[in-house]
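Here are the chains, one letter per residue:
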Amino acid sequence: MRTEQSAPPAQLDAAQIAQANAGVGAVRTALDEQALAAWLSAHVAGFAGPLRVAQFNGGQSNPTYRLETPAARYVLRRKPPGTVLKGAHDVLREARVQQALAGSDVPVARILGVCDDDAVIGSAFYVMDMVDGRVFWDASFAEVAKDERAAYFDEMNRVIAALHGVDHVAVGLGDYGKPGNYFARQIGRWTRQYLEDELAGRDPDMDALVAWLPTAIPDDDTTTLVHGDFRCDNMIFHPTQPRVLAVLDWELSTLGHPLADFAYHAMMYRMPGDIVAGLGGADPQPLGLPSEADYIARYCARTGRAGIANWDFYVAFQFFRLAAIFHGIKGRVLRGTAANAQAAQRAEAFPRLARLGREAMEACA
């Protein structure tokens, strides 16, 4: 039984979330535009200034910028300047995995240049093509006609199944993470990050998950490439078709367990829409969407599985993991290092995610 309750943040509808995250604005995390232009001239084929820089409003972790010249548009992703947690915000890994997946069945943006020299703009960064299309912040795909929505869900299902089918050794990612023992390592990692960030505080539901998860790990130890943050709002869709043009935000990608990755994606069925893209437990079928069970079955058919045992463990694990990430955002807000204007609302959502994780944990009993 929960003994204390944090006040929830003000509810935002999907349109408000989209408005808050879409588009670009003034540069909030400063960079040396003259030095950047010089680097682009030397390292990106065809680059010719003058350069104009704006910062995307979306994204919580790594500052992301739109670069414009008279002839082209690019996207720059950088590591936040200043002190960050060990292993966090590794944009060079983001660039590496996207380069490895080029030409596969997993659509990614083309990487144009990578810089590991902090002296250029203050932190490591990479530059990629700007992919024009649609980003859906609402997991119900309300902007799409009802009879077309299932096709968008099926496309997301296809892409994540394709990702888990990539031969990571063949594409040069055999050393991209540690094979096997994924859940024990991940639970340990996020537990340490949660416990070490004393400024962000503790939560009884999170503490319950910390204690229970290591005792409930399934025996299956499959290893594939995983995205780590596979949601509809981390994809760019074709302007008019149910087709993914690029999967974005590979910061949390690694070698891991495919069912953990899929469970994170399928959390959209239980996720409140005002936290991240989710249906909040609404009945999907009147919305023209497949049920959670049907969506799982489609993934299993694509990946050759008869079904998924212990499903609620995977869901509990992923709510725990996302709660740990939001706990980290809370810490950055308190330290004044959060890159995104919506970070404070994300921080306030942390205890609700921990609560959802505990509910899934209790469903396993």
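From a predicted model like this one, the values you see are computed outputs, not experimental measurements. (Residues numbered from 1 in each chain as written. Predicted model: local features only at pLDDT ≥ 70, side-chain atom pairs only at ≥ 80, totals over all residues. Heavy atoms only, no water.)

Visitor: Just checking my understanding: could you explain the overall build of the chain for this structure?
Guide: Helix and strand counts for the chain stand at 10 helices and 10 strands. Relative to its full complement of 365 residues, the chain shows a buried share of 53%. If you take every contact in the chain between residues at least 6 apart in sequence, the share linking residues at least 24 apart comes to 73%. Just so you have it, the chain exposes about 15400 Å², and 51% of that area is on carbon and sulfur atoms. (Helix = DSSP H or I, 4+ residues; strand = E, 2+ residues; numbered from the N terminus. Buried < 20%, exposed > 50% of the residue type's maximum accessible area, 1.4 Å probe, protein only. Contact = heavy atoms within 4.5 Å. Areas by Shrake-Rupley, 256 points an atom, 1.4 Å probe, with all protein chains shown as cover.)

Visitor: Would you mind showing me how to read the pairing of strand β5 (residues 111-115) here?
Guide: For a regular strand, side chains alternate in direction, first toward one face of the sheet and then toward the other. Most of β5 is tucked away, with four of its five residues classed as buried. Two elements, β5 and strand β6 (residues 125-129), share four bridges in a ladder whose sense is antiparallel. Of the residues in β6, the one forming a bridge with V114 is Y126. (Pairing = 2+ DSSP bridges.)

Visitor: Explain the confidence of the model for the chain here, please?
Guide: One rule of thumb: low pLDDT means the predicted coordinates there are not for detailed reading. Across the chain, the average pLDDT comes to 90, with 90% of residues at 70 or higher. Counted against residues more than four places away or in other chains, residues 1-12, with its pLDDT under 50, gives 18 contacts. Here residues 14-21 scores under 50 on pLDDT; set against residues more than four positions off or in separate chains, the count is 16 contacts. (pLDDT = per-residue confidence, 0-100.)

Visitor: I'm lost on the packing of aromatic side chains in this one. Help?
Guide: What characterises a pair of aromatic rings is the spacing of the ring centres plus the angle enclosed by the ring planes. Tallied over the full model, the rule gives 23 aromatic pairs. Taking the centre distance of 5.6 Å and the plane angle of 75 degrees together, the rings of F153 and Y295 count as edge-to-face. In this pair, F153 is assigned in helix α4 (residues 149-164) and Y295 in helix α8 (residues 292-303), connecting sequence segments 142 residues apart. Each member of the pair, F153 together with Y295, is buried. R189 extends its terminal NZ or CZ atom over the ring of W190, reaching a point 4.4 Å from the ring centre. Of note, R321 hangs over the ring of Y264, and the distance from its end group to the ring centre comes to 5.4 Å. (Phe/Tyr/Trp six-rings, centres within 6.5 Å; stacked < 30°, edge-to-face > 60°. Lys NZ or Arg CZ within 6 Å of the ring centre and 35° of its normal.)

Visitor: How do you make sense of unusual backbone geometry when you look at a structure like this?
Guide: Omega for the bond connecting G49 with P50 falls within 30 degrees of zero, at 10 degrees, which places this linkage in the cis form. Residue position: P50 is located in the loop between α2 (33-43) and β2 (52-56). Of note in the backbone geometry, F141 takes a positive phi value of approximately 50 degrees without being a glycine. Of note, F141 is situated in the loop between β6 and α4. On the accessibility criterion, F141 (0% relative accessible area) is buried. Unlike most non-glycine residues, N181 shows phi in positive territory, near 55 degrees. Looking at the element boundaries, N181 is found in the loop between α4 and α5 (182-196).

Visitor: Honestly, the side chain of E155 in this entry has me stumped. Any pointers?
Guide: Take E155: it is sitting in helix α4. Under the relative-accessibility criterion, E155 is labelled buried at 9%. Residue contacts for E155: discarding those within four places in its chain leaves F237, P242, R243 and V244.

Visitor: How do you make sense of the nonpolar core when you look at a structure like this?
Guide: Burial of nonpolar side chains together is a common tendency in soluble globular proteins. In this structure, M156 and F326 are the most contacted members of the largest nonpolar core, which totals 81 residues. Those residues within four positions of M156 in sequence are excluded, and the remaining contacts are F141, F230, C232, M235, F237, H265, M268 and Y295. (Core = buried A, V, L, I, M, F, W, Y, C linked by side-chain atoms within 4.5 Å.)

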